[in-house]
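Fold and geometry: a report
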There are 2 protein chains.
Amino acid sequence: MTSSSTDTPAPVLVLVPGAAGAPADGSAPFQLADPAVAQLSVTDLVVTRGDGIFETIGAFDGTPINVGPHLARLARSASLLELPAPDQEVIAAAVYAAIEAHADVPELTIRVMYSRGIEGEDTPTCWIDAHVSADWAPYRTGIRVASLDRGLSTTVFDESPWLLQGAKTLSYAVNMAAVREAKRRGAQDALFVATDGYVLEGPTSTLLVHRGDAFLTTPVSAGVLPGTCVNTLLAALQDEGYEAGEELMSLQDVATSDGAWLLSSTRLAAPITHLDDTELPVDLGLTARFEDLLTGRA
Amino acid sequence: MTSSSTDTPAPVLVLVPGAAGAPADGSAPFQLADPAVAQLSVTDLVVTRGDGIFETIGAFDGTPINVGPHLARLARSASLLELPAPDQEVIAAAVYAAIEAHADVPELTIRVMYSRGIEGEDTPTCWIDAHVSADWAPYRTGIRVASLDRGLSTTVFDESPWLLQGAKTLSYAVNMAAVREAKRRGAQDALFVATDGYVLEGPTSTLLVHRGDAFLTTPVSAGVLPGTCVNTLLAALQDEGYEAGEELMSLQDVATSDGAWLLSSTRLAAPITHLDDTELPVDLGLTARFEDLLTGRA
């Protein structure tokens with residue numbers, strides 16, 4: 001393969017055998033590995049059952065955002081799936097090692113993957129991969145969003161914890177199918193709606209809604225993931241005197257709001273231009289400020 | 001490691017690069033590989049998203065059961081997930097090659113795995129692994145079953161196909177969590193119940209209910225997998241003059257039935273002794289006949 005100036009820098013892979021305690025063989029808690037070489041057993045439970053959890057962290061100009069909150073959420077997901085508690089200190093060090101080993105790029109996507117491990121072995125498999133982020137600039141200027149039934153009510157998080165709502169699992173086939181359906185409808189992303197009529201979250205994002213003096217998101221108790229970006233923004237907005245918090249909202253509430261965003265750690269704040277066929281107000285100034293707040297440039 | 005007469009025969013792994021069409025590099029459609037060596041990329045979508053499908057086939061005294069129906073169901077799952085259609089002939093040949101390569105054992109479990117493939121490459125990853133089945137004898141003598149809310153109604157299969165009900169995906173974290181919850185309740189397995197009150201299926205099994213002159217299972221249109229074992233049994237029972245077919249049933253219908261089983265291709269027919277706290281009639285003669293019918297010994 002010839003090299004050229006348009007080549008994408010190579011991805012970086014860090015294996016983390018010490019993610020749930022020191023490795024039994026006395027080896028280092030994490031080490032760089034070759035991402036071009038197969039690393040996983042066909043009997044790893046993440047492969048045979050989607051039985052694992054993950055976090056996706058964005059790094060901007062070399063600085064990862066919300067590492068602590070992401071790893072706290074990983075620990076929360078581990079608890080919901082009854083996985084051994086991850087060693088957040090070791091994993092954080094491995095995240096920084098992955099960034100250090102990667103070429104300097106403006107936007108990096110870092111995935112922390114944590115599986116139940118090889119069948120019968122009871123030791124989590126953990127690795128981190130870092131790669132150049134996709135070009136999310138068009139997405140950040142505005143997206144059409146299709147609302148899609150999630151089939152579940154907002155009460156299952158409390159009543160039926162085995163449904164794993166609120167855990168960021170590696171069983172994401174439904175999330176991927178929802179994005180395909182949204183694209184089929186001419187949208188760029190989806191917004192899940194509960195059977196009791198309340199909006200939930202995107203397949204890989206958190207909802208933020210602007211209504212008058214308030215900025216609102218779906219309550220975590222409704223079975224959505226606790227969003228790392230939304231927490232950053234709500235804290236900043238509250239400091240500025242806005243009402244900021246959680247509220248169960250209907251699709252109609254969002255459609256008649258003063259603006260809404262889907263938030264993610266790599267795509268940042270994407271203003272919703274259309275929710276199904278309804279046009280929403282878009283405030284690009286506010287969106288730019290959210291981006292600065294999220295990347296720490298504010 | 002020293003060898004002894006109690007050693008379990010080694011598992012067999014067959015990679016199937018030709019599972020969705022001839023490999024571009026002209027290599028064989030399938031080949032044996034070393035299951036002790038890592039074979040999968042950390043960027044395979046089955047790893048990063050649980051984005052794949054599978055089938056589990058039982059082989060008894062070297063003869064696999066229902067290979068055709070299993071691979072037809074794999075094709076159905078592929079269609080529901082918008083994956084490239086699997087080449088059923090190539091995969092069937094690979095299944096037989098896996099059995100041929102494995103030591104002769106009374107009961108073998110053969111998994112056919114079919115992933116969307118490595119991110120950005122658009123080529124499914126497929127492999128087959130064969131290993132000695134767990135000892136299911138105690139399970140076949142009778143199981144306690146806990147009913148668990150599935151959170152979804154029986155109408156989502158038609159109304160919300162992106163929820164992938166009825167597809168046998170590799171996003172099985174919820175199924176595994178349900179089995180853990182059932183065990184916590186002192187049961188050996190779970191039976192999912194829809195929000196509209198109808199029973200669905202087990203996390204890895206199909207329900208069969210005996211009521212008078214009828215043998216009944218949940219309609220596929222309710223979003224359950226089309227069971228391969230249940231189809232074998234219903235056809236045989238119909239030939240014997242029983243009414244045999246699909247019906248939406250409540251938990252109460254099962255609890256007051258003349259007997260019920262969870263069916264699977266490796267565990268065969270497990271009679272339910274207790275559904276939650278209700279004792280059910282158990283007919284071990286009929287269960288033995290089901291086992292013979294399923295393994296072809298009848």
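Rules behind the numbers
Residues numbered from 1 in each chain as written. Chains lettered and ligands numbered in written order. Predicted model: local features only at pLDDT ≥ 70, side-chain atom pairs only at ≥ 80, totals over all residues. Heavy atoms only, no water. Domains from an automatic or database assignment. Contact = heavy atoms within 4.5 Å. Buried area = accessible area lost by both parts, 1.4 Å probe. Salt bridge = Lys/Arg side-chain N within 4 Å of Asp/Glu carboxyl O. Polar contact = N/O pair within 3.5 Å; in protein donor to acceptor, adjacent residues only side chain to side chain. Helix = DSSP H or I, 4+ residues; strand = E, 2+ residues; numbered from the N terminus. Nonpolar A, V, L, I, M, F, W, Y, C, P; charged D, E, K, R; others polar. Pairing = 2+ DSSP bridges. Axes fitted to C-alpha atoms, helices over the stretch in contact; angles between N-to-C directions. Least-squares fit on C-alpha atoms with pLDDT ≥ 70 in both. Buried < 20%, exposed > 50% of the residue type's maximum accessible area, 1.4 Å probe, protein only. Core = buried A, V, L, I, M, F, W, Y, C linked by side-chain atoms within 4.5 Å.

Residue and element names in this part refer to chain A. Segmenting chain A into domains produces domain 1 (12-132) and domain 2 (137-295). Using only C-alpha atoms to locate each centre, domain 1 and domain 2 end up separated by 26 Å. The interface is formed by 24 residues belonging to domain 1 together with 22 residues belonging to domain 2. Sorting the residues of domain 1 by area buried against domain 2 places F54, R73 and R76 first, and these three jointly supply 31% of that buried surface. Here domain 1 and domain 2 share 1 salt bridge between them. Along the contact surface separating domain 1 from domain 2 lie 10 residue pairs in polar contact (both at pLDDT 80 or more). Elements with a minimum of two residues in the side of domain 1 that touches domain 2: β3 (52-60), α2 (67-80) and β5 (107-115). Looking at the side of domain 1 that touches domain 2, the element that brings in the most residues is β3, giving 8 residues. Per-class residue counts for the side of domain 1 that touches domain 2 are 11 nonpolar, 8 polar and 5 charged.

Moving on to the sheet that holds strand β4 (residues 63-64) of chain B. All names here are of chain B. A sheet is described by the order of its strands in space; here 6 strands give the open sequence β2-β1-β6-β5-β3-β4, paired in antiparallel fashion. Looking at the sheet topology across the chains shown, the edges are occupied by β2 (31-33) and β4. The pairing of strand β3 (residues 52-60) with β4 spans 2 bridges and is classified as antiparallel. Each residue of the ladder has a partner; that of F60, found in β4, is T63. Strands in contact with helix α3 (residues 88-101) are β1 (12-15), β2, β3, β4, β5 (107-115) and β6 (125-132); relative to β6, the strand with the most contacts, it is inclined by about 30°.

In this structure, D276(A) is a non-glycine residue whose phi angle is positive, near 50°. By the element assignment, D276(A) lies in the loop between β13 (268-275) and β14 (278-279). In the Ramachandran plot, N66(B) falls in the positive-phi region, its phi being about 60° despite a non-glycine side chain.

For the pair chain A and chain B, the relating rotation is 180°, the translation along its axis is 0.0 Å, and the fit reaches an RMSD of 0.0 Å. Here the transformation between the copies is reduced to the relation of a two-fold axis. Taking the C-alpha atom as reference, chain A places S171(A) closest to the rotation axis, 1.9 Å from it. Both copies contact each other with a shared surface, as 100% of the interface residues of chain A are interface residues in chain B too.

A few words now on the pattern of salt bridges. Within the structure shown, the criterion is met by 28 salt bridges over all chains. Here R185(B) makes a salt bridge to E181(B), at a shortest N to O gap of 2.8 Å. Of the residues examined, R185(B) reaches a relative accessible area of 45% and is grouped as partly exposed. A salt bridge links R297(B) to E291(B); the shortest N-O distance between them is 3.4 Å. Among the residues examined, R297(B) registers a relative accessible area of 48% and is labelled partly exposed. Salt bridges sharing partners connect three or more residues here, namely E82(A), R180(B), E181(B), R184(B) and R185(B).

The next subject is the pairing of strand β8 (residues 189-193) of chain A. Residue and element names in this part refer to chain A. Extensive coverage of β8 is indicated by the burial of 5 of its 5 residues. Of the two faces of β8, the one lined by D189, L191 and V193 and the one lined by A190 and F192 are each fully buried. The sheet contact formed by strand β7 (residues 143-149) and β8 spans 5 bridges and is parallel. Each bridged residue has a counterpart across the sheet, and for V145 the counterpart in β8 is D189.

This part is about the nonpolar core. Counting 96 residues, the largest nonpolar core has I91(A), I110(A), I128(A), I91(B), I110(B) and I128(B) as the members making the most contacts within it. Ignoring any residue separated from it by four or fewer positions in sequence, one finds I128(A) in contact with V12(A), L13(A), V14(A), V16(A), I91(A), A94(A), V95(A), A98(A), I110(A), R111(A) and V112(A). Counting 24 residues, the second largest nonpolar core, distinct from the first, contains W127(A), L40(B), V46(B) and Y172(B).

It is worth spelling out the interface of chain A and chain B at this point. Taken residue by residue, the interface counts 45 residues in chain A and 45 residues in chain B. Of the roughly 3,900 Å² buried at the junction of chain A and chain B (both faces included), carbon and sulfur atoms supply 58%. When the buried surface of chain A facing chain B is broken down by residue, V42(A), R49(A) and W162(A) rank first, second and third, together holding 20% of it. Our enumeration of links across chain A and chain B arrives at 6 salt bridges. Taken together, the connections running from chain A to chain B amount to 25 residue pairs in polar contact (both at pLDDT 80 or more). Of all the elements in the fold, those that place two or more residues in the side of chain A that touches chain B are α1 (45-48), β5, β7 and α6 (173-184) of chain A. Element by element, the count of residues in the side of chain A that touches chain B is highest for α6(A), at 8 residues. Looking at the side of chain A that touches chain B residue by residue, the class counts come to 23 nonpolar, 10 polar and 12 charged.

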